[in-house]
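Reading the structure
Here is how the chains run, residue by residue.
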Amino acid sequence: MDMDLMESFDLLVPREGTNSIKWDNRKKAFGRSGVLPMGVADMDFPAPKPIIDAIKKRADTGLLGYEMEDPASLRAAASWQKRRNDFDVDVELMRGVPSVMPGVLAALMALGNPGDSVVIQPPVYPHFYRAVKDAGMKVMENPLLETEDGFVMDYEDLEACFKKGAKLLLFCSPHNPTGRVWKREELEKMLKVCEAYDVKIISDEIHSDLIYEGHRHVPLLSLPDAHARALSFHAISKTFNVPSLHQSYVIAKDERMLAPFEKMQQRLHLYGLSPFGQVAQIAAYEECEPWLDALMAYLTRNRDRAMKFLEGHLPRIKAYTPESTYLLWMDMSKYNKDEKTMVKALVREGNLGIMKGSEFGREGGFRMNFGCPAFLLNDGLKRLETAMKALRHMD
Ligand SMILES: Cc1ncc(COP(=O)(O)O)c(C=O)c1O
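Residues numbered from 1 in each chain as written. Predicted model: local features only at pLDDT ≥ 70, side-chain atom pairs only at ≥ 80, totals over all residues. Heavy atoms only, no water.

- The chain is annotated in an unreviewed UniProt entry as cysteine-S-conjugate beta-lyase from Gehongia tenuis.
- For the record of the chain, the UniProt heading Sequence similarities (unreviewed entry) holds the text "Belongs to the class-II pyridoxal-phosphate-dependent aminotransferase family. MalY/PatB cystathionine beta-lyase subfamily."
- The annotation that UniProt attaches to the chain under Cofactor (unreviewed entry) is "pyridoxal 5'-phosphate". (UniProt positions renumbered as here; feature names shortened; annotations may be inferred.)

Rendered as C-alpha cells:
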C-alpha cells in the first residue's frame, strides 16, 4: 500500500469558492451555508496525479477543436474491465457518453416508448425517478426488502411488475444508496424473471470499481443471458473522483442493443467528448490503480469508523455495512419523527447536510457520504449525534 497516498487523503483541500455543488450550493440545498456537507456524491479528495498531468499535457497542445472518440480510451476501459472484473468486452460494442445519466435517459428512450412503465428499486438514486419521467415514462417501484443480512431484491414483486406490463428495468449495480454488491446468483435470478417477460435492462454500474474486500462486482453483461437484453453504463467519475469531466461509456454485447441506443444518441445530439475526459480515462485506467487501492483502504477505515460510531453512540439508527462505494444508508425510522422534523434537527441543531430518504423513495432513511478526510467524518458523526439528541425534544 502506498502510505504517502493514504496520508494524502487525510488532508482537506478546501472546496469553498471552487464552484463545488457540494460546498457552494449549501444555502440552496439545506437553507444554511454553514452546514457540513455530506450529501452530494463526490469525494473531498483531489483527483489522482496522473489524471491531472494528462489533462495539463493535453491542454498544453493548445488544440481544443472538435474531437472524435479516441479508440485508445475505449481500449483502456476494455483492458480495465478484463483486469478488474474478468469481463471480456469488445471495443466495437462500446461508446463514449458524456455522463451516465444522459446515457441512461437515451437508453430508456431507445429501448422503450413514451407511456411505458419502468421498474426501479427503491430506495434508489433520485435521478432514476427523474430520468424515467423525463423519458415520458412511468415509474413502477419494486422496493428492496430489508432482511437480517441487508437489502435484497423482491423477485416475486418484480414478476408482478412485469405482469402489470413493465417492459424495462433500470438497475443499479452496485446499488446506490444501500451499497449492495449484487451476487451472481442474485443477478441470475433477476435475469430469469426479466427473460420470462422479455424485459430489457439498463444497468448503471457507475459505482462498480469501489468494492470493499469480501465482495466482487459481477458485471451484468458478463452473464450470457443478459447479452440480448441489457446495456451497461460505466465511468471513471466516481472511481477517481472526476465527475466534472463528464466522461463515461456504455457497453453492449449485442449489436441489436447498441444500434437503437446509437440512433437515440444521434437524435439527442448526445455525442462529442471532451479531450480532457478522454485523456483522463486513459490515465485513470492505465496509471491510477495504486491510487484506487489506497483509496479503498482509506474508505474501508472510514466506513468501519462510521459503523462503529453508530453502534456505540446511535444504536437506534439501523445501518448495514456498505459492500461498495462511500455512501452510508441509515434508517432512522425508529426515532418516530417525520422527515421534516428530522431534517430540521440535522440542519439546525447538528449543522449537518445529508440527503433525505424521500428523495430516494423511502422516508425515514438518510444518506451520508463518507468519502472525505477522517477528521471531517468524525466531525460529521458528532454532528449527527448532536442532532439526534436534540430530536428527542422536537416535534
Ligand atoms: C447510480 C448513479 N448513477 C449515475 C450517477 C450520476 O452520473 P453522471 O454524473 O455521470 O450522470 C450517480 C451519481 O451519484 C449515481 O449514483
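With respect to the overall build of the chain
- Within the chain one finds 14 helices and 15 strands.
- Dimensions of the chain, computed from the C-alpha atoms along their principal axes, are close to 60 × 55 × 40 Å.
- Relative to its 395 residues, the chain shows a buried fraction of 57%.
- Expressed as a percentage of contacts within the chain between residues at least 6 apart in sequence, the contacts between residues at least 24 apart total 76%.
- Working note: accessible area of the chain is about 17,400 Å², and carbon and sulfur atoms make up 51% of it.
- A distance of 5 Å separates the average location of the 52 positive side-chain charges in the chain from that of its 56 negative side-chain charges. (Helix = DSSP H or I, 4+ residues; strand = E, 2+ residues; numbered from the N terminus. Buried < 20%, exposed > 50% of the residue type's maximum accessible area, 1.4 Å probe, protein only. Contact = heavy atoms within 4.5 Å. Areas by Shrake-Rupley, 256 points an atom, 1.4 Å probe, with all protein chains shown as cover. Lys, Arg positive; Asp, Glu negative; His and termini not counted. Charge placed at Lys NZ, Arg CZ, Asp CG, Glu CD.)

So, the sheet that holds strand 12 (residues 327-331)
- Spatial strand order, 11-12-15-14: four strands in an open sheet with antiparallel pairing. Only two strands of the sheet have a single partner each, and these edge strands are strand 11 (318-319) and strand 14 (355-356).
- Judged from the two bridges that link them, strand 11 and strand 12 form a sheet pairing that is antiparallel. If you follow A319 over to strand 12, its bridge partner there is M330. (Pairing = 2+ DSSP bridges.)

Things to note about the sheet that holds strand 2 (residues 94-97)
- Strand order in the open sheet formed by seven strands is 2-10-9-8-7-3-4, with mixed pairing between adjacent strands. On the outer flanks of this sheet lie strand 2 and strand 4 (138-141), each paired with one strand and no other. Neighbouring strand axes in the sheet, compared pairwise and without regard to direction, differ in orientation by 25° on average.
- Here helix 5 (residues 71-85) sits on the sheet and contacts strand 2, strand 9 (230-235) and strand 10 (248-251); the angle it forms with strand 2, its principal contact strand, is near 115°.
- Running over the sheet, helix 6 (residues 100-111) touches strand 2, strand 3 (117-120), strand 7 (168-172), strand 8 (200-204), strand 9 and strand 10 and is turned about 170° from strand 9. (Axes fitted to C-alpha atoms, helices over the stretch in contact; angles between N-to-C directions.)

Focus on the environment of V279
- If you trace the backbone, V279 turns up in helix 11 (residues 275-287).
- Excluding anything up to four places from it in sequence, V279 contacts A54, I55 and R58.

Some words on the nonpolar core
- Grouped together as the largest cluster of nonpolar side chains are 104 residues, with contacts concentrated most on F240 and L384.
- Top contributing element to this core by residue count: helix 12 (residues 289-313), with 11 residues.
- If we skip the residues at most four places from it in the chain, L384 touches L310, L314, I317, M330, M332, L346, L352, I354 and M368.
- Counting residues in each nonpolar core, the second largest holds 33 residues, with A131, M137, L170 and A252 among its members. (Core = buried A, V, L, I, M, F, W, Y, C linked by side-chain atoms within 4.5 Å.)

Overview of the UniProt feature "domain: Aminotransferase class I/classII large" (unreviewed entry) in the chain
- The UniProt feature table records "domain: Aminotransferase class I/classII large" (unreviewed entry) at residues 35-374.
- For residues 35-374, helix accounts for 39% and strand for 16%, while the C-alpha atoms at its two ends are 17 Å apart.

Concerning helix 8 (residues 155-163)
- When helix 8 is considered as a whole, its buried residues turn out to be Y155, L158, C161 and F162. Down the axis of helix 8, the smallest arc covering the buried residues is 110°, so these residues share one side. For helix 8, exposure combined with an orientation more than 90 degrees from the buried face picks out E156 and K163.
- Each element contacted by the buried residues of helix 8 is listed here: strand 3, strand 4, strand 7 and helix 9 (184-196).
- Its side-chain oxygen 3.3 Å from the backbone nitrogen of E156, D154 forms the N-cap of helix 8.
- Just past helix 8, the residue G165 takes up positive phi, approximately 115°. (Arc of directions from axis to C-beta. Polar contact = N/O pair within 3.5 Å; in protein donor to acceptor, adjacent residues only side chain to side chain.)

As for unusual backbone geometry
- Of the consecutive residues P122 and P123, the connecting peptide bond is found in the cis state with omega at 5°.
- For the bond running from N176 to P177, omega is 15°, close enough to zero to count as cis.
- Residue placement: P177 occurs in the loop between strand 7 and helix 9.
- With phi around 50°, D198 is a residue other than glycine that occupies positive phi space.
- Within the secondary structure, D198 is located in the loop between helix 9 and strand 8.
- Phi is positive for N336, close to 55°, though the residue is something other than glycine.
- The residue N336 is located in the loop between strand 12 and helix 13 (339-349) in this model.

Considerations on the packing of aromatic side chains
- Inspection of the entire model under this criterion finds 15 aromatic pairs.
- What links up through ring pairs into an aromatic cluster is the set F9, F45, W80, F240, Y249, Y285, W291 and Y298.
- Above the plane of the ring of Y335 lies R316, whose end atom (NZ or CZ) is 4.6 Å from the centre. (Phe/Tyr/Trp six-rings, centres within 6.5 Å; stacked < 30°, edge-to-face > 60°. Lys NZ or Arg CZ within 6 Å of the ring centre and 35° of its normal.)

Thoughts on helix 7 (residues 126-134)
- For helix 7, the full list of buried residues reads P126, F128, Y129, A131 and V132.
- As for helix 7, its buried residues are in contact with helix 6, strand 3, strand 4, strand 7, strand 8 and strand 14.
- Backbone geometry just downstream of helix 7 places G136 in the positive-phi region, at approximately 75°.

Looking at the site of the ligand
- Taken together, A41, S99, V100, M101, P102, Y125, C172, N176, D204, I206, H207 and K238 make up the full set of residues near the ligand.
- Within the contact set of the ligand, an oxygen atom lies 2.7 Å away from a side-chain nitrogen or oxygen of N176.
- In the model, an oxygen atom of the ligand is placed 2.7 Å from a nitrogen or oxygen of the K238 side chain.
- Protein chains bury 88% of the 400 Å² of accessible surface belonging to the ligand in isolation.
- Looking at which element gives the most residues to the shell around the ligand, the answer is helix 6, with three residues.
- Of the residues contributing to the shell around the ligand, the split by class is seven nonpolar, three polar and two charged. (Near = heavy atom within 4 Å. Nonpolar A, V, L, I, M, F, W, Y, C, P; charged D, E, K, R; others polar.)

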